[in-house]
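Structural overview
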Protein chains: 2
Amino acid sequence: MELGLIGLGKMGGNMRERIRRAGHTVVGYDRNPDLADVSSLKDLVAALPAPRVVWVMVPAGGPTQDTVDELGELLEPDDEKHGAELAAKGIGFVDCGVSGGVWGLKNGYALMYGGKDEDIAKVQPVFDALKPEGDFGSVHAGKIGAGHFAKMVHNGIEYAMMQAYAEGWELLEAVDSVTDVREVFRSWQEGTVIRSWLLDLAVNALDSDEHLDKLKGYAADSGEGRWTVEAAIDNAVPLPAITASLFARFASRQDDSPQMKMIAALRNQFGGHAVENK
Amino acid sequence: MELGLIGLGKMGGNMRERIRRAGHTVVGYDRNPDLADVSSLKDLVAALPAPRVVWVMVPAGGPTQDTVDELGELLEPDDEKHGAELAAKGIGFVDCGVSGGVWGLKNGYALMYGGKDEDIAKVQPVFDALKPEGDFGSVHAGKIGAGHFAKMVHNGIEYAMMQAYAEGWELLEAVDSVTDVREVFRSWQEGTVIRSWLLDLAVNALDSDEHLDKLKGYAADSGEGRWTVEAAIDNAVPLPAITASLFARFASRQDDSPQMKMIAALRNQFGGHAVENK
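In short, a report on the structure. Quantities reported herein were computed from a predicted structural model and do not represent experimental measurements.

This part is about the overall build of chain A. Within chain A, the secondary structure is distributed over twelve helices and six strands. The C-alpha radius of gyration of chain A comes to 24 Å, more than 25% above the 19 Å expected for a compact globule of 278 residues. Judged by the C-alpha coordinates and their principal axes, chain A covers about 80 × 45 × 40 Å. In chain A, the proportion of contacts linking residues at least 24 apart, taken out of those at least 6 apart, comes to 58%. Carbon together with sulfur atoms contributes 53% to the accessible area of chain A, which is approximately 14,200 Å² in total. Each charge sign in chain A was given a centre, from 27 positive and 42 negative side chains, and these centres are 1 Å apart.

Residue and element names in this part refer to chain A. Within the open sheet, the three strands sit side by side as β2-β1-β3. Their pairing is parallel. Either end of the sheet is taken by a strand with one partner, and the two such strands are β2 (25–29) and β3 (54–56). For this sheet, the mean inter-axis angle between neighbouring strands, taken without regard to orientation, is 20°. In terms of strand pairing, strand β1 (residues 2–6) meets β3 through three bridges, oriented parallel. Within β3, the position partnered with G4 by the bridge is V54. Against the sheet, helix α1 (residues 10–21) touches β1, β2 and β3, its axis set at about 165° to β2.

Before going further, it helps to spend a moment on the pairing of strand β6 (residues 138–142) of chain B. Regular strands place their side chains on alternate faces of the sheet. Residues and elements named next belong to chain B. In this sheet, β6 lies alongside strand β5 (residues 110–114) in parallel orientation, the contact comprising four bridges. From the neighbouring strand, Y113 faces β6, where its bridge partner is H140. Handedness of the crossover is the feature at issue here: the chain leaves β5, passes through helix α6 (residues 117–130), returns alongside β6, and the resulting connection is right-handed.

Contact with chain B, which involves 69 residues of that partner, is made by 69 residues of chain A. At the boundary of chain B with chain A, total buried surface from both sides reaches about 5,700 Å², with 72% on carbon and sulfur atoms. Joining chain B to chain A, the criterion identifies zero salt bridges. The interface formed by chain B and chain A holds 16 residue pairs in polar contact (both at pLDDT 80 or more) in total. Residue assignment for the side of chain B that touches chain A shows that the elements contributing at least two residues are β5, β6, α7 (146–174), α8 (181–187), α9 (197–208), α10 (224–234) and α11 (240–252) of chain B.

Cut-offs applied
Every chain's residues receive numbers from 1 upward, in the order its sequence appears when written. Numbering of ligands from 1 and lettering of chains from A proceed in the order in which they are written. The predicted nature of this model means local features are confined to residues of pLDDT at least 70 and side-chain atom pairs, given and counted, to a pLDDT of 80 or more, with totals for whole chains, interfaces and linings taken over all residues. Hydrogens are left out, water is left out, and the side-chain values use all remaining heavy atoms of the structure. Helical segments are the DSSP runs of H or I of at least four residues, strand segments are the runs of E of at least two, and each set is numbered from the N terminus. The globule rule used for comparison is 2.2 Å times the number of residues to the exponent 0.38, while the radius of gyration itself is calculated over C-alpha atoms. Note on definitions: a residue-residue contact is assigned when non-hydrogen atoms from the two residues lie within 4.5 Å. Here the Shrake-Rupley method, with its probe set to 1.4 Å, supplies the accessible areas, and only the displayed protein chains count as covering residues. Counting rule applied: Lys, Arg positive; Asp, Glu negative; His and chain ends not counted. Where a charge sits is defined by one atom per residue type, namely NZ (Lys), CZ (Arg), CG (Asp) or CD (Glu). Here the rule is simple: two strands pair whenever DSSP picks up at least two bridges between them. Fitted lines through C-alpha atoms serve as axes, helices being fitted only where they are in contact, and the angles separating the N-to-C directions of these axes extend from 0 to 180 degrees. Whether a crossover is right-handed comes down to one check: with the strands pointing away from the viewer, does the path from the first strand over the helix to the second run clockwise; if it does, it is right-handed. Put simply, buried area is the surface a 1.4 Å probe can reach on two separate parts but cannot reach once they are joined, added for both. Any carboxyl oxygen of Asp or Glu that lies within 4 Å of a side-chain nitrogen of Lys or Arg is treated as forming a salt bridge with it. Counting of polar contacts relies on pairs of N or O atoms within 3.5 Å, with two restrictions inside protein: one atom must be capable of donating a hydrogen and the other of accepting it, and residues adjacent in sequence are counted only when both atoms are side-chain atoms.

What follows is the structure, encoded as structure tokens:
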């Protein structure tokens, strides 16, 4: 199979490598010419035989919209040339959420995709090349959009799981009786209810920095947590733990807390309680 | 090694079996005579050679206090008879948190223990019999109390992890585009960031009841979540996700929500908003 792959960053770059290792041809494009196989989307389209399959692996929002718009122009005349079947249904579209991060090249990428069966069948060889070995790791989740939605919820769950370990770790570090928190975490890797890949990664992190002294307590977010909470609001589904986890990250980025200034001010107003001034 | 084991319920009963399979002698006592090897704590003490090792595996609070009180009376005269060494330090005490639930007999029990090195050395053969195979699954967490504290935090983390999966599942079930939520969960078992043993159990549950239609949305708690939040309060450590998970369980047990009556009443008072009456 031949595939155009647009976006060769941390995810796309390794995905190109994994698909190639499975014996397929990948023509990669990226705005960064050092990463790209071709210098433009036009060249990418020209390098592929019709009917063309192009995977768009760029950030959500503007970059994806711009890429799809440009591809639409490039592919459209071509689609019209290549027969009634393709023209009748326009350009096929499959959405695919991809999990696996920097470990995906080695372990495979978990794939969640949405769309019509016939469109998915066309790209199935690429999905098979990317997915982990074994029975699991890929799913036709539903209609167009279902793949990205499932991946978004996956990341929302991830937020609360990470927060769960982080809270437990902070509490263990806070008490005198527990003298070796890192070894407690390590021991949890077998036989416990909370064993998981994220726990393994936590142990890796503690092995390189036992009390995380080198880090600042500052956590970014890439958007999936926000979108999960927004989807929950759209559907009136309560997500107390995921929302709390997202908001804890927001609080972590404040040099000073405006809301705690207000709490302190009000305690002072009604009770004369002492405040901490700058 | 010979061991007295008090409490032969879901945990203790299987632990007795696993320790016996490792070649040790276990004398078990339970208030339920159908489960017990001996009919009283006195008989249990009489059946063991000194210096005796007794594992108390009964519920926290009253049952543990009563058992330790009674054992103190039974063991004390014996300790005095058996030499200066034991008398000088009284009865040794090691606390041990045990994870593994009904799967522990097969997979081993994760153990977190606290106490003095010399006391732990005495019971190490039993710990070795109970722990999972492999390098992990047991830890000397610190001083007396550290084992139970680590196990308590383990369970607090478990609350928020369970809530994370539960929230994600509810959101996926709520949208039309995702047509096969169970298969999405199954696909997550390989290659994803959120793969875990709890995820495997969630898939098991969905395989026997795809939409959990047979269950009521009612979740009990056994105390560890409450104790974790209480410990966090004692140590002024913020646990937003774990606390939210515990409180979500409390809300699940209400036939009707008193606080939501108040919210509805206030919306009606200030804005004339409609209310739902019984």
